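Chain by chain, the residues run as shown.
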Amino acid sequence: MVSKTDTTEIVTEPKLQQSVVPSFARWLKHFLYIPASKRYFSKPDQLAIAEAVKQAEQGHVGEIQVVIEGHIPSHQAYHQDTRLRAQQLFAELGVWDTEKNSGILLYLNLCEQKVEIVVDRGIKNATEQNVWQIICDQMITELKAKRHRNAVIEGVKSIGKILNLYYKRVDLENINELPNKPIILN
């Protein structure tokens, strides 16, 4: 269950449906997609990504959650693009629920080869959208070159560098509010 505070906006399915033009082509693309997430990201790849997240989170309160999804579920793909899917997962996975509002969702959709970064309100005001877009564009370039593991690891490292600029370097006990291991969906 997702709870809501007075400063948290939760993205709900009705909100998502109002924000995007329904697309039969998008639905068909996701419906016909053959799941390949585990083929592109083996167990060693997942461990390497988890280690990259651990390193990127060192010395600050920022939290990174990586979600790799083969395709948007077909019952949602007609009304939902990758951006809205990333916002939905940001809410459902509780990435917004970190103590310092410092959660970041790095979402990768293999079907569309798109990358979305959703940042919590604690970071959003300190950065500009183009900073995150540059990371997404670099990752997409790597994905198109079939370097999936490298794309995610470099994206995580870039996010870690931004968090180091935004948050003061502090000695923290290893407080980890979100799991480091990437979440692999279909």
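Since the structure is predicted, the reported quantities are computational estimates derived from the model, not experimental observations.

**Quick look at helix α4 (residues 43-56)**
- Look at α4: 20 Å from first C-alpha to last across 14 residues, which is about the 20 Å you get at 1.5 Å a residue.
- Every buried residue of α4 is listed here: Asp 45, Gln 46, Ala 48, Ile 49, Ala 50, Ala 52, Val 53 and Ala 56.

**Looking at the packing of aromatic side chains**
- Within the structure shown, the criterion is met by two aromatic pairs.
- For the ring pair Trp 27 and Phe 31, a centre distance of 4.9 Å and an interplane angle of 15° mean the geometry is stacked. Within this pair, Trp 27 and its partner Phe 31 are both found in helix α2 (residues 24-32), separated by four residues, close to a single helical turn.
- Members of the aromatic cluster, joined through ring pairs, are Phe 24, Trp 27 and Phe 31.

**What to know about the pattern of salt bridges**
- Counting across every chain of the model gives seven salt bridges.
- Measuring nitrogen to oxygen at the nearest pair gives 3.5 Å for the salt bridge that ties Glu 116 to Arg 83. Taken together, the positions of Glu 116 in strand β3 (residues 114-119) and Arg 83 in helix α6 (residues 82-92) put the pair 33 residues apart, joining distant regions of the chain.
- For Glu 116, a relative accessible area of 14% gives the class buried.
- A salt bridge links Lys 157 to Glu 154; its shortest N-O distance comes to 3.7 Å. Of this pair, Lys 157 and Glu 154 both sit in helix α9 (residues 148-166), three residues apart, roughly one helical turn.
- With relative accessibility at 42%, the residue Lys 157 sits in the partly exposed group.
- Residue Glu 154 is classed as partly exposed on the basis of its relative accessible area, which comes to 36%.

What counts, and at which threshold
Residues numbered from 1 in each chain as written. Predicted model: local features only at pLDDT ≥ 70, side-chain atom pairs only at ≥ 80, totals over all residues. Heavy atoms only, no water. Helix = DSSP H or I, 4+ residues; strand = E, 2+ residues; numbered from the N terminus. Expected span 1.5 Å × (residues − 1). Buried < 20%, exposed > 50% of the residue type's maximum accessible area, 1.4 Å probe, protein only. Phe/Tyr/Trp six-rings, centres within 6.5 Å; stacked < 30°, edge-to-face > 60°. Salt bridge = Lys/Arg side-chain N within 4 Å of Asp/Glu carboxyl O.

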